[in-house]
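Chain residues, written in single-letter form:
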Amino acid sequence: MSNLKIGLPRAMLYHRYSMLWTVFFQQLGAEVVTSRPTDKEILDQGTALCVDEACLSEKIYLGHVKALVGKCDYILVPRVSNFGHKHMMCVRFEAMPDIVKNVFRDVPQKFLTYNLDVLQKQDEKSAFYGMGNQLGFDKKTIKKAYATAKAVEQRTWKKLLTEQEALYKSPNTKILVAGHSYVIEDPFLGKPVMDVLRKLDVTPIRADITDREAASKRSTTLSPTIKWEMSREIVGNLMANKNKVDGIILLSAFPCGPDSMINEMIQRRMKGVPILNLTLDAQSGTAGVETRLESFVDIIHFKEGTL
């Protein structure tokens, strides 16, 4: 199995689990192949494979899957349904293996999946054990690979949290960017936004990098009925840190269903801090986005009397 190649599409949950996945497969002796960063070609190819109503992130994801077809033995497409009661994921993540297998049904490419569904008593550990078993590895090897991968993931996340917390001490104007990791980290979506903010001498702080469990619990103070786990984490971080920053940007990819509801609620209920709702689509021009960001930063400076 030493020549085994596993493909990881660089989109959606890759930005949450890349370290865990990469180290796990490497510990099994497999080679990990990652698709290239998002560009217009990937977006266009993904768009051609999707129904019009699909969110931009899903279109990008299918473009990344296509970019890996034929370059590896398996492409990983996990099913992540929930982390327990009231800790659901968007249905896109639950349906993705079925969507991918249907879209690429005529392509001679094998797909690898695992099923994370705590309500059905399938937690992350059992999901990874099952995936390793699918690949033909013995239980001892899988157990060691998962334990190593989990330890690396936790160390990496702890370091990220420490770096993130230090940003609140920045002397610059600080803006909390509330968006999913697969939007903020994507070179075609969120990265240009973060680059513009830094160019404007703003310190952007990511709301998705947080103590997830604590943030999820804290989100109930704004609303006890938030359904989606990643939205709960972001809202919980906003609740904890909104008074430490000068503004909040709600960054979303069109037409994200959960974000359309959650961001509306945040704007209505979160008072005392300037908020910009910025929705990116395939036609979002860099110039238009840059103008809106410049205006928002000017509003913050005017409000603070520093303009």
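(A) Region of interest: helix H1 (residues 14–27). Here H1 is 14 residues long and its end C-alpha atoms lie 18 Å apart, about the 20 Å a rise of 1.5 Å per residue gives. Of all the bends in H1, the largest measures some 30° and sits at Leu20. Where burial is concerned, most of H1 is hidden: 10 out of the 14 residues are buried. Buried within H1 are the following residues: Tyr14, His15, Arg16, Tyr17, Leu20, Trp21, Thr22, Val23, Phe24 and Phe25. Phi turns positive one or two residues past the end of H1, at Gly29, with a value near 90°.

(B) Expanded view of the packing of aromatic side chains. Applying the stated criterion across every chain, the model contains eight aromatic pairs. Judged by centre distance (5.9 Å) and plane angle (70°), the ring pair of Phe93 and Tyr182 falls under edge-to-face. Within this pair, whereas Phe93 is found in helix H4 (residues 91–103), its partner Tyr182 is found in helix H7 (residues 181–184), the two being separated by 89 residues in sequence. The pair Phe93 / Tyr182 is uniform in exposure class, with both members buried. Ring centres of Tyr114 and Phe128 lie 4.9 Å apart, and the angle between their planes is 45°; on these two criteria the pair is classed as tilted.

(C) Just the sheet that holds strand E2 (residues 31–34), in detail. If you walk across this open sheet you meet the four strands as E2-E1-E3-E5, and the pairing is parallel. Looking at strand neighbours, the two that pair on one side only are E2 and strand E5 (110–112), the edges of this open sheet. If you compare each strand with its neighbour and ignore which way they point, the axes differ by 35° on average. Relative to strand E3 (residues 74–76), strand E1 (residues 5–8) runs parallel, the two sharing two bridges.

(D) Representation of helix H10 (residues 229–241) in the model. With 13 residues, H10 extends 19 Å between its outermost C-alpha atoms, agreeing within 8% with the 18 Å of an ideal straight helix rising 1.5 Å per residue. The buried fraction of H10 is high, at 11 of 13 residues.

(E) Focus on the pairing of E2. In this structure, E1 lies alongside E2, joined through four bridges in parallel fashion. Counted as the bridge partner of Lys5 is Glu31 from E2.

(F) Unusual backbone geometry, seen in detail. Residue Pro255 is reached from Phe254 by a cis peptide bond, and omega for that bond is -15°. Relative to the assigned elements, Pro255 resides in the loop between strand E9 (247–253) and helix H11 (257–269). Backbone geometry at Lys121 places phi at a positive 60°, although glycine is not the residue there. Mapped onto the secondary structure, Lys121 falls in the loop between strand E6 (115–117) and helix H5 (124–134). Here Asp201, not a glycine, exhibits a phi torsion of approximately 60°, which is positive. Of note, Asp201 is situated in the loop between helix H8 (190–199) and strand E8 (202–206).

Rules used in this analysis
- Residues numbered from 1 in each chain as written.
- Predicted model: local features only at pLDDT ≥ 70, side-chain atom pairs only at ≥ 80, totals over all residues.
- Heavy atoms only, no water.
- Helix = DSSP H or I, 4+ residues; strand = E, 2+ residues; numbered from the N terminus.
- Expected span 1.5 Å × (residues − 1).
- Bend = angle between axes of the 7 residues up to and from the residue.
- Buried < 20%, exposed > 50% of the residue type's maximum accessible area, 1.4 Å probe, protein only.
- Phe/Tyr/Trp six-rings, centres within 6.5 Å; stacked < 30°, edge-to-face > 60°.
- Pairing = 2+ DSSP bridges.
- Axes fitted to C-alpha atoms, helices over the stretch in contact; angles between N-to-C directions.

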